[in-house]
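Notes for the structure review
Residue-level listing of the chains:
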Amino acid sequence: MCPFKQSTDINELKEVIEELVESREKYRNIAEMAALGLMIVQNKKITFVNQWLADLLEYSVEEIMTWNLDRANQQVNPDDLNQIQMDQETDFPNMKFRLISKTGIKYWVRQYSEKIHINGKIADQIIILNISDQINAELKLKHTAKKFREIFEFAPIGILTCDNQGQILTSNNRLLRILGSDSHEKTKQINLLNFPPLKKIGFSQKLAECIQKKIEINAETEYVSKWGVKSYVQYKLVPLVDESGKTYEILCNINDITHIKQAQDELRAKDLLFQKMFNLAPFPIMIISETGSVKFLNQKIMDILKLTDIKNLEIYDLVSMSEILVQDQFLTRENFKERWTEVLNAIKYQDYKTELTLQGNDISPIQLFCTISLIENQILFIFEDLTAKRQIEKEWLQTQKLESLNILAGGIAHDFNNILVGIVGNISLLQMSEGLDEETKSCLADLEKATNRARGLTSQLLTFSKGGKPIKKVGNLADLMEQTLQLVTPGSNCKIKYKKPANIFWADMDASQIQQVFNNLIINAMQAMPRGGNISITIEKFDSAPISTMPRTSNGYAQISISDEGQGIPKEYANRVFEPYFTTKDTGNGLGLASSYSIIRNHQGYIKFDSQLGQGTTFYVYIPLTKINLNIPLSSNENFKNYKKRALIIDDDVIVCKTMQKMLQKFGIKSDVEHDGFSAINRYEQSLKTGIPYDFTIIDLTIPGSIGGKEIIQRLIVSDPNVQALVSSGFSHNPIMANYQEYGFKDVLVKPYNLSEIQVKLKNLFTK
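This structure is a prediction, so every number in the text was calculated from the model and none was measured.

**Remarks on the environment of K96**
Looking at the secondary structure, you find K96 in strand β3 (residues 94–100). Residue classification places K96 among the partly exposed residues on the basis of a relative accessible area of 38%. Excluding anything up to four places from it in sequence, K96 contacts W108, V109, R110, I131 and I135.

Structure below.
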């Protein structure tokens, strides 16, 4: 082991051992009994090691006896090897380093080594002492000393000690800042009994008294440093007395309380501020003495009563200045005295509250809620304008009605979409029938158009009831605009100038949300022309990004422009057009353009406007285009792919389930139906046990009287982590529909759906 090296310095224990070394048996006994490690090395091989050292290293004596010095050196902490090598080069016999046991425990040890003779041959005798406890105690002591020094140095108050002659012995950093000193050395040169700034404020005299009388002294005073910085300090002097009763040091704590004094000054300033605030408050405030003298009227009540001075004014005078209606009774000087006595008795226990109406020949009727409080023999009147409050209550009630209407609209749309599943699905099934005559095909096509309009209506109801993240599907913007015009323009006195473009503008979008944007902008244009006018609509390809901060896409953008011939938007309102609840109209809630802005942003698009006063306004909507249509409809002669799969349909609506079963049959898929969430889970788990599992399942998001899609998929994943599930709902704006993958679903199926949409979902599900 590299650190084991000869030393010329040896203690008494080594001398005793050398005398006994000639007796090998006695030497071994001493070595085994010693509470230290002993080892002898000859020719770089270990010839003896005692049990104590073997136990420390957690090896047997026999194992260690097979080691050479290189192997023994592996038990030395690698970080200590450099220091050991330096000690060896200086022939240093006393080395301190760390040994590592077999299990990785590190011990601090001190090694003593010397040359001895055994049987006429030179050997290295090595003594090892375990000094871990000593080292740990030293480290703990250093850490404790450092901690207390840091507490002393970083204490929030100044601390110093001085001797009986006033000479500073120790001081912390905070004290330097209080005294205005720039170093501890300079501070120690200060004699507190003779330091002029301290004598000036009486500190030196207090210190002398503390030394002479051996008493604690507390005081506070203003202090000015040598740089002219003024502060306010609070200090405490404590004599430290030895066993003989002699004062050997004085401990002094000095706290800068300037901030406290400043807070007191600020409090006084706040009192003045509150008086000013009372005077400028937008509601009436009045203070009356218990005898009825007017002490304070703020500016609001002064303006209402048209007063300029309150000198010698009594509360009875105020009653005479106006007509005050309280609980359907007008106050007069006579009946007010009785009521005033009632108020004085009541406010001794709690605030007195009442409603009143203030009016008069020169005073417009004002409905007020009055709170009367007794505060330190002063009577405080605070009046609240109930007109504004009741207006807010009215608006809140309107909001509640709107929320109820939203819920109703969402419920109607959800239920209607379930009904439409049976209609839309069966129409698509009939259209795929062979041998249909032209008249039947024409009727089915008209039915399909009608149901598509119904789908549009339910989509608008859902968008009206709740917003949310878009559930995107590729569609034609031009077709969507045409559908919107069919819904929004009937009965309008405005003429629509729109020619459907020949090009197809495919976009990955939530059709219901984009239709809401079109709807909002068209209605906005109609409202801008109450007497009628022209609304021009165009859809064009826009190759570059609409603004520099937006990415340029390979397919470009669709630019939809909607122009009116109204009065235009004033410049002062230009920055608030897309602000929620901002409107200049008598009707509406100011949410149309705000929601349109949000929808377009969620589609990675952009919306802007250009307006000229007296000439009209044009809104521009930019929506990213996609290359192809991913929702290609089926044709009657197209062959259906036979998937030969099994499906489990989970839906509470019987018609929906029957329609879905018939559509899945077209693709060679056999299906079972469950109308209850718990039964569906049991059936799915049973299929796993029988070895004939379902290939996929379609789960309704909401099942009345049972658990819905969210809870069902969570339980199915536990039983089958690879479950293939589609979530379906007529309420397409539920967050789960937009973020279905986060909940464990593979795809989403929005009600109502037709055979073509089913085909796309199956292809996506089984082509992967």
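**Notes on the nonpolar core**
Ranked by internal contacts, the top residues of the largest apolar core, which has 35 residues, are L477, M481, I514 and I560. If one sorts the elements of this core by residue count, helix α19 (residues 511–527) sits on top with seven residues. In this view, I514 contacts L477, L480, M509, I599, I600, H603 and I623; residues no more than four positions away in its chain are not counted. Formed by 31 residues, the second largest nonpolar core is a distinct cluster that contains I315, W340, L358 and L368.

**Focus on the sheet that holds strand β25 (residues 645–650)**
Here we have five strands laid out as an open sheet, ordered β26-β25-β27-β28-β29, and parallel in their pairing. Of all strands in the sheet, those bounded by a partner on one side alone are β26 (669–674) and β29 (747–750). Neighbour-to-neighbour, the strand axes of the sheet open up by a mean angle of 20 degrees, direction not taken into account. Bridging between β25 and strand β27 (residues 696–700) involves four bridges; their strand directions are parallel. From the neighbouring strand, A647 faces β27, where its bridge partner is F696. Of the strands in this sheet, β25, β26, β27 and β29 touch helix α21 (residues 654–665), which is tilted by about 165 degrees from β26.

**Details of the packing of helix α22 (residues 677–690) against helix α23 (residues 709–719)**
For the pair α22 and α23, interaxial distance at closest approach is 10 Å and the crossing angle is 15 degrees. Taken together, α22 and α23 sit at an angle that is classed as roughly parallel. The crossing of α22 and α23 is right-handed. Together, G677, F678, I681, Y684, E685 and L688 of α22 and I712, R715, L716 and S719 of α23 make up the contact between the two elements. The residue inventory of the contact of α22 with α23, partitioned by class, reads six nonpolar, two polar and two charged.

**Brief notes about the environment of K230**
With respect to the helices and strands, the residue K230 is situated in strand β9 (residues 230–241). By relative accessible area, which is 54% here, K230 ends up exposed. For K230, the residues in contact, after removing those within four places along its chain, are E222, Y223 and V224.

**Brief notes about helix α15 (residues 333–346)**
A rise of 1.5 Å per residue sets the reference length of α15, with its 14 residues, at 20 Å; its end C-alpha atoms lie 20 Å apart and thus fit the reference within 8%. Considered for burial, the residues of α15 that qualify are F336, R339, W340 and V343. Down the axis of α15, the smallest arc covering the buried residues is 110 degrees, so these residues share one side. Opposite the buried face of α15, by more than 90 degrees, sit the exposed residues E334 and E338.

**Here's the deal with the packing of helix α18 (residues 477–488) against α19**
Relative orientation of the contacting elements α18 and α19 amounts to 50 degrees, with a least axis distance of 9 Å. With respect to α19, the axis of α18 lies oblique. In the crossing of α18 with α19, the sense of the turn from one axis to the other is right-handed. Residue-level inspection shows L477, L480, M481, Q483, T484, L485, L487 and V488 of α18 in contact with α19, the latter providing A511, I514, Q515, F518, N519, I522, I523 and M526. Here the residues of the contact of α18 with α19 sort into twelve nonpolar, four polar and no charged.

**Looking at the pairing of strand β22 (residues 557–563)**
Regular strands have side chains that alternate between both faces of the sheet. A large share of β22 lies buried, amounting to seven of its seven residues. Going residue by residue along β22, you find Y557, Q559, S561 and S563 tucked away on one face and A558, I560 and I562 tucked away on the opposite face as well. Looking at chain direction, strand β21 (residues 533–542) and β22 are connected through seven bridges and run antiparallel. Among the inter-strand pairings, E540 is bridged to a residue of β22, identified as Q559.

What counts, and at which threshold
- Residues numbered from 1 in each chain as written.
- Predicted model: local features only at pLDDT ≥ 70, side-chain atom pairs only at ≥ 80, totals over all residues.
- Heavy atoms only, no water.
- Helix = DSSP H or I, 4+ residues; strand = E, 2+ residues; numbered from the N terminus.
- Buried < 20%, exposed > 50% of the residue type's maximum accessible area, 1.4 Å probe, protein only.
- Contact = heavy atoms within 4.5 Å.
- Core = buried A, V, L, I, M, F, W, Y, C linked by side-chain atoms within 4.5 Å.
- Pairing = 2+ DSSP bridges.
- Axes fitted to C-alpha atoms, helices over the stretch in contact; angles between N-to-C directions.
- Parallel < 35°, antiparallel > 145°, perpendicular 65-115°, else oblique.
- Left-handed = near helix turned anticlockwise from the far one by under 90°.
- Nonpolar A, V, L, I, M, F, W, Y, C, P; charged D, E, K, R; others polar.
- Expected span 1.5 Å × (residues − 1).
- Arc of directions from axis to C-beta.

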